[in-house]
There are 2 protein chains.
Amino acid sequence: MEDMTTEISAADRLEDALSGRIDHSAVDAIADLSHQVSLQELTRLVHTSTPLQSAVLFRILDKDVAVAVFENLPPGYQAELLQNLREPEVADIVEGLDPDDRAELFGELPAGVVTQLMKGLDADERKMTTAVLGYPKSAIGRYMSPEVLSLHEDWTAAEAMEVVRARIDGPETVYLLPVVGPGRVLLGVVSLRNLIAADPDTPLSEMVRESITAHALTDREAASRDFLSHRLIAMPVVDQEERLVGILTMDDVLDIVDEEDAEDIARSSGSEPLDRSYLSSSIIRLVRSRIVWLLVLAVSAILTVQVLEVYEERLDQVVILALFIPLLTGTGGNTGNQAATTVTRALAVGEVRIRDLGRVIWRELRVGFLLGAVLGVLGFIVAGLVYGPAIGLVIGLTLLSVCIMAATVGGLMPIIAKRVGADPAVFSNPFISTFCDATGLILYFSIATAVLGLR
Amino acid sequence: MEDMTTEISAADRLEDALSGRIDHSAVDAIADLSHQVSLQELTRLVHTSTPLQSAVLFRILDKDVAVAVFENLPPGYQAELLQNLREPEVADIVEGLDPDDRAELFGELPAGVVTQLMKGLDADERKMTTAVLGYPKSAIGRYMSPEVLSLHEDWTAAEAMEVVRARIDGPETVYLLPVVGPGRVLLGVVSLRNLIAADPDTPLSEMVRESITAHALTDREAASRDFLSHRLIAMPVVDQEERLVGILTMDDVLDIVDEEDAEDIARSSGSEPLDRSYLSSSIIRLVRSRIVWLLVLAVSAILTVQVLEVYEERLDQVVILALFIPLLTGTGGNTGNQAATTVTRALAVGEVRIRDLGRVIWRELRVGFLLGAVLGVLGFIVAGLVYGPAIGLVIGLTLLSVCIMAATVGGLMPIIAKRVGADPAVFSNPFISTFCDATGLILYFSIATAVLGLR
């Protein structure tokens, strides 16, 4: 009797919580209460609440409970619940939560429900609906196609071909076919080509080969680069229990990579990517995409003014020193950018890892030394002939040290960015130029002070 | 009798020409003589000469003559001739010629011979062998896969499926199937999916749909970008008579695009692409990939020294002016790079064309004005507070004019590069920075002279 009363009151309180405004604390309370209520009561509540409440409650249930509730529902209501889950309001509630809360409170939906949920939706509807799954915007689960033609390990090649023939019109691809075991657990893949070539009686379990897969929560860019570097035609997507939830095809991957490339290219020059084409963007939009970084860089460049101020007196003594400022800072910026671009690219394609930091520094030190030696000798000769050997020596030594510094800094920065979890492209070319400008000026005036014997 | 003698002597002279060193003038003579010799004589010569001579002669024949000669050869010798054509020496001779001569003297081989020539070769052998076809290194014909499973328009879907099943192991792809008419002329494509879905009695002529194709001589990057932007899974490659010679698949395309991207990225920072990974490249190789551009840029930067020399006296009067040099040139470089990167990208994806030059200039003038206005006001306030209103005015006005100049020049240069037929990336970021440095200094000192009333 005691238990009964507690339970009834928990169910009542759950109903109350659902009928209020669904904000962060309500979601929290619903999650708590759902653990105290029996499967039967939960099923009843999912069945009898308003569409929005029913969807929210179902969405918050633990995965195994959700499976049981779904299976307990009358078949007609299963379709209704799926419809409710597709409502934009439900997606809004999930999206409106803090990402951490979202990950904690909204676990993955059962794989079977996921695929049914998105069947028949076009790409845009799908992108909206996948929000309800709790995948963050950057997760590959948002981009996969849930309509996947999967085969069962028990079938023969002939049976499988029958299924392919019967369902040929629906799925996004039929050229790579995931093979699943009990509970939709992914076992591997069979290509349509192998299926056609196989003896009709061969069981799929003998033909299945291991597949490169992505988890639905994997970062979209990482999954796409993986897809491309393995030259796949399709890639199964699984949930945390290795159950098949969708398939990624080449057009999804190319859309993602096009967007990421546009972003990287824009960032490399210190601007934000445009969300529409250049000629159709308004002037204000173009200005906004550029002004932030330009301001940041201009403010950082005040550093160079301050450095020069320190040396103002010496500049006044030997005004010739000012003539070489743009040449020296320019060379530093160029050398730094060359190194940074090379290392950023090597990081992107996986040729260099964070642990290679030491090797990269040692390489760039030597490359910088050789580049600096060539430029330095030339600088010594040319500046020496025009302005005398002392100035020549200052310019030559500065070019040498600026090149060493810039190549090392340029090689170092992308790796540091990656180590602290930032995009290596954050240290964009303009950023490295600005940094090398300030450092180069300090080197220049230190060398000039020493060589020319200035006070 | 007269004719007979002429012909015999032409055949003799042809034999003589073939037995000498095969250089430009020999190839010229062989081409001339081959027009004066009968089909029978030509067939005999191809049949009886040494392997190298036979391959060279065959390669020089006009396309229609080559088809006839090939068909006249005893079947056993057809295979031998194909083997001869694969010899590296033949490729060397073709490659050794000036590209213009090559295009003139070595027409396309008959489509049937092309596909047979490369059957069974792996990717590397193929790349070497395609040289003999006379395609330049940048042509997509070098990268296509000649083992293509093509279907005939007269077949039914069931007959086509039979052929697919029988030949499933050979070709690079079976998911997109080119359909040809008489003489291998491409009519369109059928996807394997449509073939499986079709009623078995449907004739292919009813199922075939138009296909996006490439000509074998198309530039490899253009063909690949086309492939990707249309989200294809394969693309038939045809010769100038629209006869099917091969098929391009996703992995060929990704190889090309990876290489082109690496090149563009390297060039954008003024270095040459490495032909192996960063960590496995020798220090000397790294230096070589960077030193040329660095020298070019350093020599161009001498311009900035000369500009400053012109203003040396004024610098001597107001040494404070020197303090702002790196900030002003840096801002100019950054603004120029933002515009250049945006426009280069827009050109690459086809959003901007050469004829949009005027629109781009007008947009960048306004964007540069707004960016310059924001930075200029800030510069006026900050520099004015520290160094007085006159210096503040100089800095503010210079920032305004430098931003207008740099945005316009940055937007302009990639389009000009494209108009003169160069890669827009030739005007790399460092190049634009250097140009903006020199121009910015002239603006700076002109404004300073006017505002401060210097002599």
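Since the model is a prediction, treat every value here as computed from it, not as a measurement. (Residues numbered from 1 in each chain as written. Chains lettered and ligands numbered in written order. Predicted model: local features only at pLDDT ≥ 70, side-chain atom pairs only at ≥ 80, totals over all residues. Heavy atoms only, no water.)

Describing the UniProt feature "transmembrane region" (unreviewed entry) in chain A
Residue and element names in this part refer to chain A.
Point 1. Feature annotation in UniProt places "transmembrane region" (unreviewed entry) on residues 291-311, 367-387, 393-417 and 429-454, given in this structure's numbering.
Point 2. In residues 291-311, helix accounts for 95% and strand for 0%; the two terminal C-alpha atoms are 31 Å from one another.
Point 3. The distance from the first to the last C-alpha atom of residues 429-454 is 34 Å, and the span holds 92% helix and 0% strand. (UniProt positions renumbered as here; feature names shortened; annotations may be inferred. Helix = DSSP H or I, 4+ residues; strand = E, 2+ residues; numbered from the N terminus.)

Description of the side chain of N337(B)
Point 1. With respect to the helices and strands, N337(B) occurs in helix α19 (residues 325-348).
Point 2. Separated by 3.5 Å, the side chains of N337(B) and S433(B) make a polar contact.
Point 3. With residues up to four places along the chain from it excluded, the contact list for N337(B) reads S269(A), N429(B), I432(B) and S433(B). (Polar contact = N/O pair within 3.5 Å; in protein donor to acceptor, adjacent residues only side chain to side chain. Contact = heavy atoms within 4.5 Å.)

Some words on the sheet that holds strand β1 (residues 151-152) of chain A
To summarise the sheet geometry, strands pair through backbone hydrogen bonds and adopt either a parallel or an antiparallel arrangement.
All names here are of chain A.
Point 1. Ordered in space as β1-β2-β3, the 3 strands form an open sheet in which the pairing is mixed. Sheet topology places β1 and β3 (186-191) at the edges, where each strand pairs with a single neighbour.
Point 2. Where β1 meets strand β2 (residues 176-180), 2 bridges bridge the pair, whose relative direction is parallel. Looking at the pairing, H152 lines up with V180 of β2. (Pairing = 2+ DSSP bridges.)

Digging into the sheet that holds strand β1 (residues 151-152) of chain B
Residue and element names in this part refer to chain B.
Point 1. Here 3 strands make up an open sheet; going across it, the order is β1-β2-β3 and the pairing mixed. Of all strands in the sheet, those with a lone pairing partner are β1 and β3 (186-191), marking the two edges.
Point 2. As defined by bridge partners, strand β2 (residues 176-180) adjoins β3 across 5 bridges and the pair is classed as antiparallel. Residue pairing for β3: L177 is matched across the bridge by V190.

Side note on the interface of chain B and chain A
Point 1. Taken together, the contacts link 96 residues of chain B with 96 residues of chain A.
Point 2. Between chain B and chain A lies a buried interface of about 8,400 Å² when both sides are counted; carbon and sulfur atoms form 67% of it.
Point 3. Interface area lost by chain B to chain A is led by R193(B), Y278(B) and L279(B), which between them contribute 10%.
Point 4. Here chain B is connected to chain A by 6 salt bridges.
Point 5. E364(A) is the partner of R290(B) in a salt bridge, and the nearest nitrogen-oxygen pair spans 2.8 Å.
Point 6. Between chain B and chain A we count 29 residue pairs in polar contact (both at pLDDT 80 or more) in total.
Point 7. A total of 17 residues in the side of chain B that touches chain A trace back to one element, the largest contributor, which is helix α16 (residues 283-310) of chain B.
Point 8. For the side of chain B that touches chain A, the class distribution of residues is 54 nonpolar, 21 polar and 21 charged. (Buried area = accessible area lost by both parts, 1.4 Å probe. Salt bridge = Lys/Arg side-chain N within 4 Å of Asp/Glu carboxyl O. Nonpolar A, V, L, I, M, F, W, Y, C, P; charged D, E, K, R; others polar.)

A few points about helix α3 (residues 39-48) of chain B
All names here are of chain B.
Point 1. Among all positions of α3, only L42, T43, L45 and V46 are buried. Within α3, the buried residues cover an arc of 165° as seen down the axis, which keeps them to one side. The exposed set on the far side of α3, more than 90 degrees from its buried face, consists of Q40 and T48. (Buried < 20%, exposed > 50% of the residue type's maximum accessible area, 1.4 Å probe, protein only. Arc of directions from axis to C-beta.)

Regarding unusual backbone geometry
Point 1. Backbone geometry places R184(A), a non-glycine residue, at a positive phi of 60°.
Point 2. With respect to the helices and strands, R184(A) occurs in the loop between β2 and β3.

Let's talk about the domain arrangement of chain A
Point 1. Domain parsing of chain A yields domain 1 (2-107), domain 2 (151-256) and domain 3 (299-452).
Point 2. Inter-centroid distance (C-alpha atoms) of domain 1 of chain A to domain 2 of chain A is 32 Å. (Domains from an automatic or database assignment.)

So, the layout of surface pockets
Point 1. Approximately 850 Å³ is the volume found for the second largest pocket.
Point 2. What lines the second largest pocket is a set of 35 residues, and nearest its centre among them are Y175(A), L232(A), I233(A), A234(A) and Y175(B).
Point 3. Among the elements of the structure, β3, α12 (192-197), β5 (234-238) and α15 (250-268) of chain A together with α15 (250-268) of chain B are those that each provide at least two residues to the lining of the second largest pocket.
Point 4. Broken down by class, the residue content of the lining of the second largest pocket amounts to 17 nonpolar, 8 polar and 10 charged. (1 Å grid on protein atoms, 1.4 Å probe; cavity = no way out; pocket = protein on both sides within 12 Å on 5 of 7 lines; lining within 4 Å. Points joined across faces, edges and corners; volume = space filled by probe spheres on them.)

Some details on the relation of the copies chain B and chain A
The relation between the two copies of this chain is a rotation about an axis and a shift parallel to it.
Point 1. When chain B is brought onto chain A, the operation consists of a screw motion whose angular component is 180° and whose axial shift is 0.0 Å, with 0.3 Å RMSD remaining. On the angle and the small slide along the axis, the relation comes out as a two-fold axis.
Point 2. Comparing contact sets, 100% of the residues at the interface of chain B also lie at the interface in chain A, consistent with an isologous, same-surface contact. (Least-squares fit on C-alpha atoms with pLDDT ≥ 70 in both.)

What about the side chain of E260(A)?
Point 1. Relative to the helices and strands, E260(A) resides in helix α15.
Point 2. A relative accessible area of 9% places E260(A) in the buried class.

Structural notes on empty space enclosed by the protein
Point 1. Counted by the stated rule, this structure contains 3 cavities of 30 Å³ or more.
Point 2. Considering the residues around the largest cavity, the lining is formed by 18 residues, among which S433(A), D437(A), G330(B), S433(B) and D437(B) are closest to the centre.
Point 3. Among the elements of the structure, α19 (325-348) and α22 (429-452) of chain A together with α19 and α22 (429-452) of chain B are those that each provide at least two residues to the lining of the largest cavity.
Point 4. For the lining of the largest cavity, a count of residues per class yields 2 nonpolar, 14 polar and 2 charged.
Point 5. When its volume is computed, the second largest cavity comes out at roughly 50 Å³.
Point 6. As for the second largest cavity, its lining consists of L297(A), A298(A), A301(A), T304(A), T434(A), D437(A), P326(B), L327(B), G330(B), T331(B) and N334(B).
Point 7. Listing elements by their share of the lining of the second largest cavity, those giving two or more residues are α16 (283-310) and α22 of chain A together with α19 of chain B.
Point 8. The greatest single-element share of the lining of the second largest cavity, amounting to 5 residues, is contributed by α19(B).
Point 9. Within the lining of the second largest cavity, the residues separate by chemical class into 5 nonpolar, 5 polar and 1 charged.

So, the pattern of salt bridges
All names here are of chain A.
Point 1. Enumeration over the complete set of coordinates arrives at 28 salt bridges over all chains.
Point 2. Note that R44 is salt-bridged to E41, the shortest N-O span being 3.0 Å. Pair noted here: R44 and E41 are both in helix α3 (residues 39-48), with a separation of 3 residues, about one helical turn.
Point 3. Residue class for E41 comes out partly exposed when judged on its relative accessible area of 22%.
Point 4. Between E260 and R220 there is a salt bridge whose closest N-O contact spans 3.1 Å. Linking E260 in helix α15 with R220 in helix α14 (residues 220-229), this pair joins segments that are 40 residues apart in sequence. As far as burial versus exposure is concerned, E260 and R220 are alike and both buried.
Point 5. Here the residues in one salt-bridge network are R220, E259 and E260, joined through shared partners.

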